[in-house]
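Structural overview
Chain by chain, the residues run as shown.
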Amino acid sequence: MYLTHLECPRCGKEHPADRPQNLCDCGSPVLARYDLAAVAQAVTPERFTLRPADLWRYRELLPVADPRYVTSLGEGWTPLLRTPNYGAEIGIAELIVKDEGLIPTGSFKARGAAVGISRARELGVEHIAMPTNGNAGAAWATYAARAGMGATIVMPLDAPSICRRECVAAGADLRLVDGLISDAGRRVAELIAGSGGAIFDAGTLREPYRLEGKKTMGYEIVEQLGWQVPDVIIYPTGGGVGLIGIHKALQELRELGWIEEKLPRLVAVQSTGCAPIVRAFAAGNDRAEPWTDAHTVAFGITVPAPLGDELILAALRASAGTAVAVSDEEILTDLRDFAAREGLLLCPEGAACLTAARQLRAGGWIRAGERVVVLNTGAGLKYPETVDVSGVPVLA
């Protein structure tokens, strides 16, 4: 294994990687660091084409040392789909969707769960707990079951009902709260504090290895484009682990010498009903203030106080990117328009990225001829209420 240590991006403190780790003493998430020089000596990009089409093809850049602990359902290597019809309509000829809806459990959360559970298992963790807006809990419950681990999942009552059912089916200890993910987080903190160390906190960015699974989206985008980077990557941002992970992956690829110096401009997309990152970015702040009265049809990005706010904002500014808030009305309109033109039903979070792409192109931020990758982070079928069928005629 090429994992060397964990590092705090806020205070610089190094932590050992051979034991379970939550936040740094300063309160910041910590990041996994690798001996990239040794990785470059051990493997070349050409080698990956000879390996299975899943995220474990990048094993030298992942934190699991012993393959016996790898917990997998075949996650990763989701397609990049060119969308010429909708792209032509909004003025982006090279509009490409990476469809994470085809991954196990129907969302990109399976990437983080696969690597996070595998590493937790390797480090001796027997029971995890986490708050969730739905999809992450479903994924972690599923992978915990496959690994023979216990899982306590706390989610809001308003989360998609299918996620609740996935957790129950996987045998998780599911608990519901009448509130937001922040309320679920407080319940998880109480549970862990009273567990005497028997339960490990696997909440968003509270352990370092969920991010390592999510970063493989960045590796895949680059490899699928022939080891070239797109001009823009647009990502729906709640907790922001995927965006932070993609940025980390691109930095690692650049240090390895596998891509050139120029990196894609990253775009964080939020809802006008919950946009703490957009507000902080516009104000030039390094931290985001909690959003009050958060609500949006794109439930996965309803995160009023993301723990990774510093890392998200730093990634946007380092990549010359931006942050955009879009309305629920526009999200649902673009979701339907895209499905009618391209035959792909996106999740509302993915559709929010289309709205952002359309607006950024109309305003000139995305220029003519640029290659734009949009992340569809989950299967549209998990959100049936986003398509209104009340007007469909019933035949006599």
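Residues numbered from 1 in each chain as written. Predicted model: local features only at pLDDT ≥ 70, side-chain atom pairs only at ≥ 80, totals over all residues. Heavy atoms only, no water.

Turning to the sheet that holds strand β3 (residues 31–34), a few remarks are in order. Read across the open sheet, the 3 strands follow the order β2-β1-β3; overall the sheet is antiparallel. Two strands in the sheet have a free side with no partner beyond their single neighbour: β2 (14–15) and β3. Here strand β1 (residues 3–7) runs beside β3; their pairing, made up of 4 bridges, is antiparallel. Counterpart to leucine 3 in the pairing with β3 is tyrosine 34. (Pairing = 2+ DSSP bridges. Helix = DSSP H or I, 4+ residues; strand = E, 2+ residues; numbered from the N terminus.)

What follows covers a nonpolar patch on the surface. A grouping of Val387, Val389 and Val392 is seen on the molecular surface, where their side chains present a nonpolar patch of about 250 Å² in accessible area. The exposure class of valine 392 is exposed, given its relative accessible area of 53%. (Patch = residues over 30% accessible without salt bridge, like charges linked within 9 Å, V, L, I, M, F, W, Y side chains within 5 Å. Areas by Shrake-Rupley, 256 points an atom, 1.4 Å probe, with all protein chains shown as cover. Salt bridge = Lys/Arg side-chain N within 4 Å of Asp/Glu carboxyl O. Buried < 20%, exposed > 50% of the residue type's maximum accessible area, 1.4 Å probe, protein only.)

Turning to its location among the elements, cysteine 347 is positioned in the loop between α13 (328–342) and α14 (348–362). Take cysteine 347: its relative accessible area is 0%, and that puts it in the buried class. Sequence separation between cysteine 347 and glycine 284 is 63 residues; the distance between their C-alpha atoms is 30 Å. Other than its neighbours up to four places away in sequence, cysteine 347 contacts Leu335, Asn376, Thr377, Gly378, Ala379, Gly380 and Tyr383. (Contact = heavy atoms within 4.5 Å.)

Looking now at unusual backbone geometry. Negative phi values dominate among residues other than glycine, just as trans dominates among peptide bonds. You will see that threonine 105, though not glycine, has its phi angle at about 65 degrees, which is positive. Assignment of secondary structure puts threonine 105 in the loop between β5 (94–99) and α4 (109–122). Take threonine 105: its relative accessible area is 14%, and that puts it in the buried class.

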